[in-house]
Amino acid sequence: MLSKKALKAIVPGVLCAMGLAFTAPAAEAWTDQTHMAIAKAAGMKSYHNACVPDVAKTLSFVGRLGKNDGQAHFFDAAKTPTMDDLEAQIEMIGYQRDDAPDGYIMGAIVNSVRKAKSWTEMGKYDDYNYAIVAHYCGDLSMPLHMSVYDDFNRSHHLNIDQTLNHSEVKYDVQGADLIAKDIVVDKNLKITNEDELKAEILKVAQESFELAQTIRKENREITKEEALQRCGRSASLFRAILIYCGKTPVDM
């Protein structure tokens, strides 16, 4: 039997290992406040569900389920994204890191819109489908989600995620309300078919990529104004998608 002295030496290491094994890695994306704000600004009634995909990733990690949608949240673009990239990503849906290390967010949005639209047309309960669409649309506007995951990305990602966050509020939904008030949505944006959907997704992706290159070149993080502009692009895209799928955005 081990002595008390030996146990005291071993236990801290064991506890540390357990912590590493069971603690999910920190999420790298817009914060929950920002994701909810984008969905609210777009007119999604159940906007608080917009952060659910990140909860699902954590559940998969904690439950050791093996698979999650992690690769659907980003695209490590080394050059300006193209329509060929988007089309290729649609074929990657469900792939994990080994098969799709650079991610496939553009294809994931197309796929999730297809599924959400079909559920709506069949009269099924579709709130969670749109929570997924809202989340992916939100990630699309985050510049470092459309850029290679290099040293610059790693060192600035978390701060950029939190650009719009309100740390002074008690609940994240309160912060989401404050952010949503400052997001400008283009209600004139219309999507009437899948080709237009793909074109608009690509446009937002290219804008995010270009901003990522700008801040990398200038060695800085994004400003609050830039973050709000990007969130406005996500909210505008998502609102147009809601209408395209047969949903009616709610003015909140």
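See the structure above.
Residues numbered from 1 in each chain as written. Predicted model: local features only at pLDDT ≥ 70, side-chain atom pairs only at ≥ 80, totals over all residues. Heavy atoms only, no water.

Novice: I keep staring at the overall build of the chain and nothing clicks. Help me out?
Specialist: Helix and strand content of the chain: 10 helices and zero strands. The buried share of the chain, reckoned over its 252 residues, is 48%. A sequence separation of at least 24 residues applies to 75% of the contacts in the chain between residues at least 6 apart. When the accessible surface of the chain is summed, it comes to about 13000 Å², and 56% of that surface belongs to carbon and sulfur atoms. (Helix = DSSP H or I, 4+ residues; strand = E, 2+ residues; numbered from the N terminus. Buried < 20%, exposed > 50% of the residue type's maximum accessible area, 1.4 Å probe, protein only. Contact = heavy atoms within 4.5 Å. Areas by Shrake-Rupley, 256 points an atom, 1.4 Å probe, with all protein chains shown as cover.)

Novice: Could you clarify how one ought to interpret the packing of aromatic side chains in this entry?
Specialist: Ring pairs (aromatic) are described by centroid distance and by the angle formed between their planes. If you walk through the whole model with that rule in mind, you get one aromatic pair. Centre to centre, the rings of Tyr125 and Tyr128 are 5.3 Å apart; their planes meet at 90°, and the pair counts as edge-to-face. The side chain of Lys117 reaches across the aromatic face of Tyr244, ending 5.3 Å from its centre. Here the basic side chain of Lys124 rests over the ring of Trp119, its NZ or CZ set 4.7 Å away from the ring centre. (Phe/Tyr/Trp six-rings, centres within 6.5 Å; stacked < 30°, edge-to-face > 60°. Lys NZ or Arg CZ within 6 Å of the ring centre and 35° of its normal.)

Novice: I keep staring at helix α8 (residues 172-180) and nothing clicks. Help me out?
Specialist: For an α-helix, 3.6 residues make a turn, and residues three or four places apart therefore share a direction. Within the span of α8, buried status applies to Gly175, Ala176, Ile179 and Ala180. The buried residues of α8 all sit within an arc of 135° when viewed along its axis, so they share a single face. For α8, the elements touching its buried residues are α2 (32-42) and α10 (224-244). (Arc of directions from axis to C-beta.)

Novice: It is not clear to me how the pattern of salt bridges should be interpreted in this structure. Could you clarify?
Specialist: Think of it this way: side chains of opposite charge can pair up when their charged atoms draw near. Under the counting rule described, the total for this entry stands at 16 salt bridges. Between Asp126 and Lys247 there is a salt bridge, with the nearest N and O atoms lying 3.2 Å from each other. You can see Asp126 sitting in the loop between α5 (105-121) and α6 (127-140) and its partner Lys247 sitting in the segment after α10, a full 121 residues away along the chain. Overall, the relative accessible area of 5% leaves Asp126 in the buried class. Assessed through its relative accessible area of 28%, Lys247 is described here as partly exposed. Taken together, the shared-partner salt bridges in this structure form one network comprising Glu200, Lys203, Glu207, Arg230 and Arg233. (Salt bridge = Lys/Arg side-chain N within 4 Å of Asp/Glu carboxyl O.)

Novice: I'm lost on the side chain of Asn129 in this one. Help?
Specialist: Along the chain, Asn129 falls in helix α6. Assessed through its relative accessible area of 13%, Asn129 is described here as buried.

Novice: It is not clear to me how the nonpolar core should be interpreted in this structure. Could you clarify?
Specialist: Side chains that are nonpolar tend, in soluble globular proteins, to be buried together. Of all hydrophobic cores here, the largest spans 66 residues; its most connected members are Met106, Ile109, Leu140, Ile183, Ile201, Phe238 and Ile241. Elements supplying a minimum of two residues to this core: α2, α4 (83-90), α5, α6, α7 (151-161), α8, α9 (194-218) and α10. Per element, the largest residue contribution to this core is 10 residues, and it comes from α10. Those residues in contact with Leu140 that sit more than four places away from it in its chain are Ile105, Met106, Ile109, Met146, Ile201, Val204, Ala205, Ser208 and Leu237. (Core = buried A, V, L, I, M, F, W, Y, C linked by side-chain atoms within 4.5 Å.)

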